[in-house]
Amino acid sequence: EGAWRLGPGAFGLGSALIEARRRFHSSDLVREGMRRLAEKCEETVLLGVRDDDGETMTYVDVVESRNAVRFAVSIGDRRPLYATAGGRALLAAEPEEGVRQYLAELRPQSFTKQTETSKARLAALIAEARKTGVAQTVDQAGEGVTGSASVIRDAAGTATGVLIIAAPSSRA
């Protein structure tokens, strides 16, 4: 009766943010690196982490481009792994068996006319990202958005997150 309640989505967002802060002990250092990268490339730089559901990633920090036309996203927004550069980079950091299992369970949907939904093609794109260390997407999760991403690893070599440069496709 007129009362608001926080649902499971709020809990999931809070959990993702807390986990990101735990993983990135020197978050000021990461933020400064993001700021310098955004300044250098003149585009939006995002920090993402894989969600516990294994199917999505959450943006946990953002440094927006100063360009009038830019990619904008809110902290806490989630995207499917298969349709984003960040998600594909995170998948590329997984053992091949983990990627096979992910793709076997995946029920991809199109977000744009260009969204890749072929599991065979997605497997090839993830394999290419594993080989090069960079995942790239054009108009996959949203029309007119291009992303380039690479994972961040801890001292043990474990992928703890992903840095993403996102730009309007017209400038990519």
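Above this text you will find the structure in question.
In this report, we go over the structure that sits alongside the text. Just so it is clear, the model here is predicted, and its values are computed rather than measured.

## Comments concerning the pattern of salt bridges
Stage number 1. All chains considered together, the criterion is met by nine salt bridges.
Stage number 2. Here Arg-35 makes a salt bridge to Glu-32, at a shortest N to O gap of 2.5 Å. In this pair, Arg-35 and Glu-32 both sit in helix α2 (residues 27-41), three residues apart, roughly one turn of the helix.
Stage number 3. Residue Arg-35 is classed as partly exposed on the basis of its relative accessible area of 36%.
Stage number 4. The closest approach of N and O atoms between Arg-70 and Glu-64, which form a salt bridge, is 2.9 Å.
Stage number 5. When salt bridges with common partners are traced through the structure, they connect Glu-32, Arg-35 and Glu-39 into a single cluster.

## Quick notes on the sheet that holds strand β3 (residues 78-80)
Stage number 1. Ordered by their spatial adjacency, six strands build an open sheet running β3-β2-β1-β6-β5-β4, and the pairing between neighbours is antiparallel. Both edges of this open sheet fall to β3 and β4 (135-138), since each of them pairs with a single strand only. Neighbour to neighbour, the strand axes of the sheet diverge by 30° on average, direction disregarded.
Stage number 2. Of the pairings in the sheet, the one linking strand β1 (residues 44-50) to strand β2 (residues 56-63) comprises six bridges and is antiparallel in character.

The rules behind these values
- Residues numbered from 1 in each chain as written.
- Predicted model: local features only at pLDDT ≥ 70, side-chain atom pairs only at ≥ 80, totals over all residues.
- Heavy atoms only, no water.
- Salt bridge = Lys/Arg side-chain N within 4 Å of Asp/Glu carboxyl O.
- Helix = DSSP H or I, 4+ residues; strand = E, 2+ residues; numbered from the N terminus.
- Buried < 20%, exposed > 50% of the residue type's maximum accessible area, 1.4 Å probe, protein only.
- Pairing = 2+ DSSP bridges.
- Axes fitted to C-alpha atoms, helices over the stretch in contact; angles between N-to-C directions.

Limitation: the analysis is restricted to geometry and does not speak to function.
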